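# A structural walkthrough
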Amino acid sequence: MYPSRFKYETPSTVEEAIGLLHDGGADAKILAGGQSLIPMMKLRFAAPGTIVDINNIPGLDYMRTESDGTFRVGALVRHVDLERATELKDSQPTIAAAAHLVADPIVRTRGTFVGSLCHADPQGDWASCMVALDGSVVAQGPKGRRTIGVDEFVKGPFTTVLAPDELAVEAVVPKAQGVRSGGYLKLERRIGDFATAGVAVAIERNGDVVSRAGIGLTGVGSRTINAEEAAAAVVGQPLTPDTIERAGDLAAAISDPRSDHRGSADYKRHIVATFVTRLLTSMQPTREQSTEERVA
Amino acid sequence: MTLDEVKIGGLGASRRRVEDNRFIRGKGNYVDDVVLPGMLHMEIVRSPLAHARIKKIDISGAYKIPGVRLVMTGEMMAARNLGWMPTLSYDTQAILATDKVRFQGQEVACVIADDPYIARDGCEAIVIEYEPLQPVVNPMQAVAPDAPLIRDDKVNQTDNIVFDWEVGDVIGTDQAFAEADVVSEIDMHYPRSHPSPIEACGSIADYDRSTSKLTVYMTTQAPHIIRAAVSLVAELPEHMIRIISPDLGGGFGNKVPVYPGYVMSILASILLEQPVKWIEDKSGNLISTGFGRDVYLKGQMALRNDGKILGVRMHTDSDHGAFFADAQPSKFKIGLMHSAFACYDIPNAHLTARGYYTNKAPGGVAYRCSFRVTEAMFFQERMVQAAADDLGMDQAEFRRKNFVRDDDFPHRTPFGFLTDSGQYEKCLDVGLEAIGYDDFLKQKEEAAARGRLLGIGISTMTEPLGAGNSREYDILGIKMFDSAELRVHMTGKAILRTGAKTQGQGHETTWAQIVAHELGIPAEDVVVEEGDTDTAPFGMGTYASRSTPVAGAAVSMVSRKIRAKSRKIAAHLLEVSEEDIDWELGRFYVRSAPDRGVTIQECAMAAYSNVPDGMEPGLENNAYYDPPNLTWPFACYIATVEVDPLTGVWDVLRVVAVDDCGVRINPMIVEGQIMGGLTEAYAMANMQFITFDADGNCVGGNYMDYLLPTAWETPGFELHEVVTPCPHHPIGAKGIGECATVGGPAAFVNAVIDALKGTGVRNIDMPLLPDRVYEAVTQHHDVSGAPPVKTD
Amino acid sequence: MKIANEFEVDQPIDDVWEFFDDIPQVAACLPGTTLTDEVEDDHYQGNVLISAGPVKLEFAGDAKILERNNADRSITVDANGAEKKGRGQAAMMLDADLNETATGTRVDVTMDLQLSGAAAQYGRGLVKDVTAVLMDDFAANMQNRLVAIAAGLDPNQVDAVKPASGFSIALRAARTALARVFRRFFMPYNPELV
């Protein structure tokens, strides 16, 4: 690859990284996994003046569940770390279901969870999961730290609310308000293909009653979509075929896909409805159905 | 003691590929690995537009960048009479665009600089003003009343039609249709695909003024044709041109043509008197170099109620892009499309073909295919399924009824080819047995009752491989034969050179096996060299599954010449007359006293130390081989699928492949070829296509849009074999490299269509993307045509 | 890529017409735009910087008023440009059509954007995603500026706000529900899959 000329910095602390970002201004970019940035630099769509490589900063590769159930993912946790964390299957079922569907095995060994959120690709899988889970991003800048909900964090295609001198140091999934179930389905033509459409669902239940639900949609709009109304349709009662169907329809309705060579806008909306329905149906307590079986 | 042929790596030995030793250690030597002193780097500026007039090119910005040595434009090339070059199909192609650009990605300028970074910076600094013209992206648009003339550079060209061509018997065919009980019809499109070798194209041109010699390291499957072409285009004497094709990272037909990048690097090296390296990037390769397919196919089949096929009509509308640069025997305008229906006993057939210019990349190459045979066989097997469905006949039974029978050879096909061998019904039976045909039909019925859609698809075909005999086959007048040169050293080790060029086929392994078979020299004692025109004997190169049928036969023949000479030496050593000795693998012996013998190695030593009086010393020879006929392998591919009616996604349940490629030299390599071919077949059926949006943008110019299947989704393949030796090939071998790519797609498509049987859906054009299948399932209609890029 | 927007402003049609007659005013609605030169009447040169995350594309080109119909109150602007480093070409035809309503003026804006070259080819519509948002912002900004002018504010002080689209969401929900019914009707019913 032959990118444009750039300055390469390897800070060893978060503070140093922020200082470099501050100096570099809008022209500085963070390199974590580099699985999106590097291809763009190769194509010269991105020509940052300074690359701030954070891979040498110690202590950012943690992934832990706090005693109250809050789940924290540091900025250098790779997709593959989440894929291999079998304990997440119970505590973070949405993330566990998505982990092996993110990109392809090669990208997963290098790309990072937090980096994917920061890249804000409308076809990114993790942002949908985090929206469904009401997750947030912790950003650190010269003035200190702030926590931003992922739904607010993602501003538009490839755009976040991060200031040029802020570094996303951590992603946070709040503790569950009940028993959590969840899943992720993605229609792709091939492993590593960007999603034609993807759906992340996370629900929390007390007994049979759904106390909280979140639905995030991948690749069906110019940003990750938080299907709030669809999620609300299943809250406050047990899952029933009717509420499930309503959620599917509402999720399809809030989708705003573009027709392209992956399919028409109508088809993509239909896939959203189908996947929301399949995921929620698989979470009905009476059914012992693994979401994986339903992976298209 | 007789040698064990398999143990010495002869025929039938699944010998490990010798070339893999260096490949898996990272020691391969590709064009990009070659570094010459003082080497400069070239990068190409490509057109962003599909069709536009060039108003102005400002190159001054590039020269302001330190390290930029030379900028070339079409104007500069034209001044040296290099604005245009001949194609392999008697057309012309722009080297650098002069008047207008005719496809997106066309070469418009190039920058030669000290390093590849600077070359790219230089490209970015060139400002080109275009006046956009209406783009034409398919044959229908090409003949629309308001269509712009794409080739206004050609004096007598008044429309966008490249050729009209026909073959077959129109009267007989009309008569067959008049007598038909049923006429079955089908309309299809075989989408544009790309061979997409993992290594893109590239060259290093090194012109040395002191010797007047031009050496070019180049990614080419056919170095000798390239040498001839460079000699003609650059007007350099042929003996002063040396083409070296080092290790190739795949070719699949993509590396047969001459590309503008090669020519530009050569001219740049001549102008600068320094080596100039050009390494194409992957997108450049996908959007500008030789594609495959892109043909609209219309077919009609005349049928008798009892299932007998009486005649076939075929029409093709083929999209050749901006320049007719198909790589194929010159005589056949639409390649070997008329090899269709060769395995069926059909009395009458007629084919009409029309080619079109469009604003798309040129070069319909034989992408893992013998010149459009892929389209022909797809057409044939989709047509056969449609006909069986229309007659309400079982698809296996319908094929069985129409196959050419084993005792009918040689058999003249409806378009005039001569097939010579095969056991078609046996192959089908092996396939049906392996897949459990009857059980599956039951299973399918049961599943249907539960709302599940299962389908089974069959594809059976024989195809013409190994072009070809010099009566019929030439490219630009150069006959399509091949040669081999074998030199046996005094210790019995040997070096073999051929004019073919391996690019993954494993010639270094299998050619040595043929020598082992013929001479009893262990395969490991034979080194194989190809690809350097200064050392390799003449050959037409490797594509269209022609290596084993032609160059492989030459290897046999040259080995036999060596054996003949060795026999004389053996007679001399054994002090008997030649008539009194016999040959067994690796050894001559006295017929009456079999214990008295000499090995081939002993003969080799004698060739350099103790030859009979009057005999020329040494043990080497060459052989040119002009095949008497094509080889005709047969294949039966069967796939079973399940379609998810709610998403349109289809999963492959099983794939059974029965291949009869005659005698297998290295069964492991043959199986690898079949698996690779089936993977490509699956890709084309399932996910792969290059299409264009309304603005003429190529969609499929990168690996996020042009999908290569990975091990993850590629189904498993169950392989079976039947062996019918080729009657004219010296070792009975037939071509195999492309069979699965050629025959495979129809099996997958037929299976999906079978799953939708009863819904009224007769056809979904490839690739069978989920949204297209979903549309067919829910709307109960065909989904046809080039996959359009839908926009809101 | 066609993008159509319509909005209403409670301003007399003549005032709105005046706005559209002023290319610098209209150009200011397209984020990232700077006009560099007025070549002649109704013909301007300028740059558009498209920036999204790490991606930056800068187009330089011309905008011309192609047709101005004072009677119908419609205007056609033809803008086209080339990316400065050869990564693509963009051409946009903008049609604005004003209609008098009971309370003011309805504005129909149609934008037909053609992207060519690497910008359109790569990244599976990456640039298209970004430009689609840009075009929506463009229309929203026009509306906001017109509203600001109507309110007697300085249009340059107005922030871009994306209008909500609640109505279309409800409509789509109804359509999807209908499709589901339709599907049940014609498809082999399979409770496991639904």
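Within every chain, residues take consecutive numbers counted from 1 along the sequence as written. All chains are assigned letters beginning at A, and all ligands numbers beginning at 1, according to the order in which they are written. Restriction of local features to residues with pLDDT of at least 70 applies here, the model being predicted, together with a cutoff of 80 or more for giving and counting side-chain atom pairs; totals for whole chains, interfaces and linings are based on all residues.

## Overview of the sheet that holds strand β11 (residues 179-187) of chain A
All names here are of chain A. Spelled out, the test is: One requirement defines pairing of two strands: DSSP has to find at least two bridges between them. Secondary structure follows DSSP: runs of H or I at least 4 residues long count as helices, runs of E at least 2 residues long count as strands, and numbering of each begins at the N terminus. Here, residues touch in the contact sense if the C-beta positions derived from the backbone fall within 7 Å of one another. Axis geometry follows a simple rule: fit a line to the C-alpha atoms, using only the stretch in contact for helices, then measure angles between N-to-C directions, giving values from 0 to 180 degrees.
Strand order across the open sheet formed by four strands is β11-β12-β13-β14, with antiparallel pairing between neighbours. The two strands at the open ends of the sheet, each matched to only one other strand, are β11 and β14 (225-226). This element, helix α12 (residues 265-282), spans β11, β12 (197-206) and β13 (209-218) of the sheet and lies at about 30° to β12.

## Some words on unusual backbone geometry
Residues and elements named next belong to chain B. Basically, it comes down to this: Exposure classification rests on a simple neighbour count of other C-beta atoms within 10 Å of a residue's own: a residue reaching 20 or more is buried, one at 12 or fewer is exposed, and one in between is partly exposed. C-beta atoms are placed from the backbone.
Ala467 connects to Gly468 through a cis peptide bond whose omega is -25°. With respect to the helices and strands, Gly468 occurs in the loop between β20 (453-462) and β21 (474-475). Omega for the bond connecting Met766 with Pro767 falls within 30 degrees of zero, at -10°, which places this linkage in the cis form. For Phe252, which is not a glycine, the phi torsion comes out positive at approximately 55°. The residue Phe252 is located in the loop between β13 (241-244) and α8 (260-272) in this model. Using a count of 27 C-beta atoms within 10 Å as the deciding quantity, one classes Phe252 as buried. You will see that Glu575, though not glycine, has its phi angle at about 55°, which is positive. For Glu575, the position within the fold is in the loop between α15 (547-574) and β26 (581-584). A count of 8 C-beta atoms within 10 Å places Glu575 in the exposed class.

## Thoughts on the confidence of the model for chain C
Residues and elements named next belong to chain C. What counts here: As a per-residue measure, pLDDT reflects the predictor's confidence and takes values from 0 up to 100.
Per-residue pLDDT for chain C averages 77, and the proportion of residues at 70 or more is 76%. Considering each helix and strand of chain C separately, the mean pLDDT is smallest for helix α5 (residues 166-186), with a value of 51, and largest for strand β5 (residues 74-83), with 91. Low confidence marks residues 160-170, where pLDDT is under 50. Its contacts with residues over four positions away, or in another chain, come to eleven contacts. The low-confidence segment residues 184-194 (pLDDT under 50) makes nine contacts with residues lying over four places distant or belonging to another chain. At the level of chain-chain contacts, confidence expressed as ipTM amounts to 0.93, with global pTM at 0.94.

## Considerations on the sheet that holds strand β6 (residues 89-100) of chain C
Residues and elements named next belong to chain C. Pairing within the open sheet is antiparallel, and its seven strands lie in the order β1-β7-β6-β5-β4-β3-β2. Whereas interior strands pair on both sides, the edge strands pair on one side only; in this sheet they are β1 (2-9) and β2 (33-40). With strand direction ignored, the average angle separating the axes of adjacent strands in the sheet is 20°. Relative to strand β7 (residues 105-116), β6 is paired through twelve bridges, and the arrangement is antiparallel. Bridge pairing in β7 places Asp97 opposite Asp108. Those strands touched by helix α1 (residues 13-20) are β1, β5, β6 and β7, and its axis lies near 165° from that of β6.

## A look at the domain arrangement of chain B
Residues and elements named next belong to chain B. What counts is decided by this rule: Residue ranges labeled as domains rest on an automatic or database domain assignment. Residue polarity follows a fixed list, in which Ala, Val, Leu, Ile, Met, Phe, Trp, Tyr, Cys and Pro are nonpolar, Asp, Glu, Lys and Arg are charged, and the others, Gly among them, are polar.
When cut into domains, chain B gives domain 1 (20-27 + 482-625), domain 2 (34-133 + 219-230 + 255-278) and domain 3 (373-467 + 629-779). One C-alpha centre belongs to domain 1, the other to domain 2; they are set 44 Å apart. Residues belonging to the side of domain 1 that touches domain 2 are distributed by class as follows: three nonpolar, seven polar and one charged.

## What about the packing of helix α10 (residues 373-391) of chain B against helix α11 (residues 395-402) of chain B?
Residues and elements named next belong to chain B. This is how it is decided: Here roughly perpendicular refers to angles of 65 to 115 degrees, roughly parallel to angles under 35, roughly antiparallel to angles over 145, and oblique to all remaining angles.
The contact between α10 and α11 brings their axes to 9 Å, and the two run at 110°. Classed by the angle they form, the pair α10 and α11 counts as roughly perpendicular. Across the interface between the two elements, Val384, Gln385, Ala387, Ala388 and Leu391 of α10 pack against Gln395, Phe398 and Arg399 of α11. Looking at the contact of α10 with α11 residue by residue, the classes come out as five nonpolar, two polar and one charged.

## Details of the pairing of strand β31 (residues 650-660) of chain B
All names here are of chain B. Counting buried positions over the eleven residues of β31 gives eight, a clear majority of the element. Pairing geometry for strand β30 (residues 634-643) and β31, over ten bridges, is antiparallel. Across the sheet, residue Ala635 finds its bridge partner in β31, namely Asp659. Two successive antiparallel strands, β30 and β31, enclose a turn made up of six residues, where Gly648 displays a positive phi of approximately 80°.

## Overview of the environment of B:Gly506
Residues and elements named next belong to chain B. Inspection of the secondary structure assignment puts Gly506 in the loop between β24 (494-498) and α14 (507-519). Residues Gly506 and Arg16, 490 residues apart in the sequence, show an inter-C-alpha distance of 9.6 Å. For Gly506, the contacting residues outside a window of four places in its chain are Arg17, Glu19, Asn666 and Ile669.

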